[in-house]
Protein chains: 2
Amino acid sequence: MAPTTETLTAERILEATEEVLRRYGPAKATVVDVARSLGVSHGSVYRHFRTKAVLREAVTRRWLDRTTEVLAGIAAGDGDPETRLRDWLAALFAAKRRKAGGDPELFATYRVLAGEAGEAVGEHIGELIGQLAVIIRAGVDTGVFTSADPATTAAAVFHATDRFHDPCHAREWELPEIQGEFEAVVHLVVRGLRAA
Amino acid sequence: MAPTTETLTAERILEATEEVLRRYGPAKATVVDVARSLGVSHGSVYRHFRTKAVLREAVTRRWLDRTTEVLAGIAAGDGDPETRLRDWLAALFAAKRRKAGGDPELFATYRVLAGEAGEAVGEHIGELIGQLAVIIRAGVDTGVFTSADPATTAAAVFHATDRFHDPCHAREWELPEIQGEFEAVVHLVVRGLRAA
DNA sequence: CAGCTGACAGATATTGAAATCTGTCAGCTG
DNA sequence: CAGCTGACAGATTTCAATATCTGTCAGCTG
């Protein structure tokens, strides 16, 4: 498709793979398609990624990391912890909702990839819970939150809000009442964190 | 299969449909199979259920109602509301986990049916949230809980625990850490309900 | 005549042969 | 000689022919 003289790098292959996935979807995107779009033989792709699964997982990881970075900025902020927590949860929900609603096909594609990816998703969730733990610890330190074990509490906050970030609930994010439900859950969770 | 002299009733058709679904799964269970297992022609089945979709939804409703009944007993209890809430949530989670883990194929079958059913699932969820609202109102009345609007709060409690009852999370119910996660979320939610 | 049957039209699912893909590797090329 | 190619074996997917199913209804049966 686009025969270039440039060197074939892992980076260029990942870019091309993302493009092919966007165009053909997860079921029909093949390694041969990726090679074709780079103007090389598929054997060359296998030089950089041992298998198709490894290539796909690398694409998934990239995609997940983009979300992580944005939220890391909020978690590392220095404002009042309760506001930071609310902002973080709202940002996560908004990002997910935007992706799912804005380009449903691409979102569906990444949902399939995430289902295939072995470690990647678990690690991503671990990072997000780690960010929540930072916020909660900050709250405990300033005396606005209570928690015997911030890591466990962070996981609880993450799971209590699963409905608003786990892709398996994506269909429900279109419902008109979803924003109210989100606010009610956040209200309940924040109350549960407050120092007695 | 079992030609009986008994009258053909909606009840008997539902029973046979459940059996056929259990045996063949949701993809291969046909109206013809149901009729065959009752020893009648498929035209007779259509006399009681206008379409295959209506028949399947009726089966789904039956299945959902079995869960509702068990929990209604707990919700209507007269013990301390916090304990009642904990028991109710634990019973819901235990029931789901037992069904999903005990007979995964049957559970997968009902998951497909629930996905097809239009109103049925929404109504079922509405009933469960209604039961939670009863418990929360009891807690507000006795002064152990605080809630400006028990109906909204009940929905928030239900959604905060989605991870532990929504079938889309069924795979995670096998994880060893799930029980701890459940307890952490319940702890957080109960704290959020307590009167300040 | 109330309830059931079975043939039918259009929609959907199954099947198996042909096409394509994955992953490997010996050898070509710059 | 480092990096790429393209043919290959076995696995997977596609596609079109074939079979089955859904929903209807005129007519049979007890």
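Criteria and thresholds
Residues numbered from 1 in each chain as written. Chains lettered and ligands numbered in written order. Predicted model: local features only at pLDDT ≥ 70, side-chain atom pairs only at ≥ 80, totals over all residues. Heavy atoms only, no water. Phe/Tyr/Trp six-rings, centres within 6.5 Å; stacked < 30°, edge-to-face > 60°. Helix = DSSP H or I, 4+ residues; strand = E, 2+ residues; numbered from the N terminus. Buried < 20%, exposed > 50% of the residue type's maximum accessible area, 1.4 Å probe, protein only. Near = heavy atom within 4 Å. Polar contact = N/O pair within 3.5 Å; in protein donor to acceptor, adjacent residues only side chain to side chain. Nonpolar A, V, L, I, M, F, W, Y, C, P; charged D, E, K, R; others polar. Salt bridge = Lys/Arg side-chain N within 4 Å of Asp/Glu carboxyl O. Contact = heavy atoms within 4.5 Å. Buried area = accessible area lost by both parts, 1.4 Å probe. Least-squares fit on C-alpha atoms with pLDDT ≥ 70 in both. Expected span 1.5 Å × (residues − 1). Domains from an automatic or database assignment.

1. Digging into the packing of aromatic side chains
Residue and element names in this part refer to chain A. In the structure shown here, the tally under the stated rule is 12 aromatic pairs over all chains. Between the aromatic rings of Trp-63 and Tyr-110, the centroid separation amounts to 4.2 Å while the plane-to-plane angle is 10°, which identifies the pairing as stacked. Taken together, the residues Trp-63 in helix H4 (residues 52-75) and Tyr-110 in helix H6 (residues 104-116) connect sequence positions 47 residues apart. Their ring planes at 80° and their centres at 6.3 Å tell us that Phe-93 and Trp-173 sit as a pair that is edge-to-face. Of this pair, Phe-93 sits in helix H5 (residues 81-102) while Trp-173 sits in the loop between helix H8 (150-160) and helix H9 (178-193), and the two are 80 residues apart along the sequence. In this structure Phe-93 comes out as buried when scored by relative accessible area, which is 2%. Through pairs of rings, three or more aromatic residues link up here, namely Phe-93, Phe-107, Phe-164, Trp-173 and Phe-182.

2. Let's talk about the protein's contact with DNA strand C
Taken together, the neighbourhood of DNA strand C is formed by 15 residues, with His-42, Tyr-46 and Lys-52 of chain A together with Ser-41 and Ser-44 of chain B sitting nearest. Counting only atoms of DNA strand C within 4 Å of the protein, the sugar-phosphate share comes to 60%. For DNA strand C, a phosphate oxygen lies 3.4 Å from a polar atom in the backbone of Val-32 of chain A. Within the side chain of Arg-47 of chain B, an N or O atom sits 3.2 Å from a base nitrogen of DNA strand C. Contributions of two or more residues to the surface near DNA strand C are made by helix H2 (31-38) and helix H3 (42-48) of chain A together with helix H3 (42-48) of chain B. Per-element tally for the surface near DNA strand C: the top contributor is H3 of chain B, with four residues. Here the surface near DNA strand C is composed, by residue class, of five nonpolar, seven polar and three charged.

3. Looking at the pattern of salt bridges
Residue and element names in this part refer to chain A. Throughout the structure, instances matching the rule amount to 32 salt bridges over all chains. Of the charged contacts in the structure, one is a salt bridge between Glu-15 and Arg-62, with a shortest N-O distance of 3.1 Å. Residue Glu-15 is located in helix H1 (residues 10-28), and its partner Arg-62 is located in helix H4; the two are separated by 47 residues in the primary sequence. Using a relative accessible area of 46% as the deciding quantity, one classes Glu-15 as partly exposed.

4. A few points about the interface of chain A and chain B
Listed per partner, the contact involves 21 residues of chain A and 21 residues of chain B. When the two sides are added together, the surface that chain A and chain B hide from each other amounts to roughly 1800 Å², 63% of it contributed by carbon and sulfur. When the buried surface of chain A facing chain B is broken down by residue, His-159, Leu-188 and Arg-191 of chain A rank first, second and third, together holding 33% of it. For Asp-162 of chain A, the salt bridge identified is with Arg-163 of chain B, shortest N-O distance 3.1 Å. Ranked by residue count, the leading element in the side of chain A that touches chain B is H9 of chain A, at eight residues.

5. Observations regarding the relation of the copies chain A and chain B
With an RMSD of 0.0 Å, the fit of chain A onto chain B corresponds to turning through 180° and sliding 0.0 Å along the axis. What the superposition gives is, in effect, a two-fold axis relating one chain to the other. In this assembly the copies share their binding face: 100% of the residues contributing to the interface of chain A also contribute to that of chain B.

6. Section: the protein's contact with DNA strand D
Around DNA strand D sit 15 residues in total, of which Ser-41 and Ser-44 of chain A together with His-42, Tyr-46 and Lys-52 of chain B are the nearest. In DNA strand D, atoms within 4 Å of the protein come 60% from sugar and phosphate. Separating a base oxygen of DNA strand D from a side-chain N or O atom of His-42 of chain B is a distance of 3.0 Å. Measuring from a phosphate oxygen of DNA strand D, one finds a backbone N or O atom of Lys-52 of chain B at 2.6 Å. Of all the secondary structure elements, the ones that give two or more residues to the surface near DNA strand D are H3 of chain A together with helix H2 (31-38) and H3 of chain B. If one sorts the elements of the surface near DNA strand D by residue count, H3 of chain A sits on top with four residues. For the surface near DNA strand D, a count of residues per class yields five nonpolar, seven polar and three charged.

7. Thoughts on helix H7 (residues 119-142) of chain B
Residue and element names in this part refer to chain B. Taking 1.5 Å per residue as the helical rise, H7 with its 24 residues ought to reach 34 Å, and the 35 Å between its terminal C-alpha atoms agrees with that figure. Buried within H7 we find Ala-120, His-124, Leu-128, Ile-129, Gln-131, Leu-132, Ala-133, Ile-135, Ile-136, Ala-138 and Gly-139. Summarising the contacts, the buried residues of H7 are in contact with helix H4 (52-75), helix H5 (81-102), helix H8 (150-160) and helix H9 (178-193). Looking one or two residues beyond H7, the residue adopting positive phi is Gly-143, at roughly 85°.

8. Looking at the domain arrangement of chain A
Residues and elements named next belong to chain A. Its domain assignment divides chain A into domain 1 (10-48) and domain 2 (61-193). The C-alpha-based centres of domain 1 and domain 2 are spaced at 31 Å. Contact with domain 1, which involves eight residues of that partner, is made by seven residues of domain 2. Of the roughly 680 Å² buried between domain 1 and domain 2, counting both surfaces, carbon and sulfur atoms make up 54%. By the criterion of area lost to domain 2, the three top residues of domain 1 are Glu-18, Leu-21 and Pro-26, representing 67% of everything that side buries.

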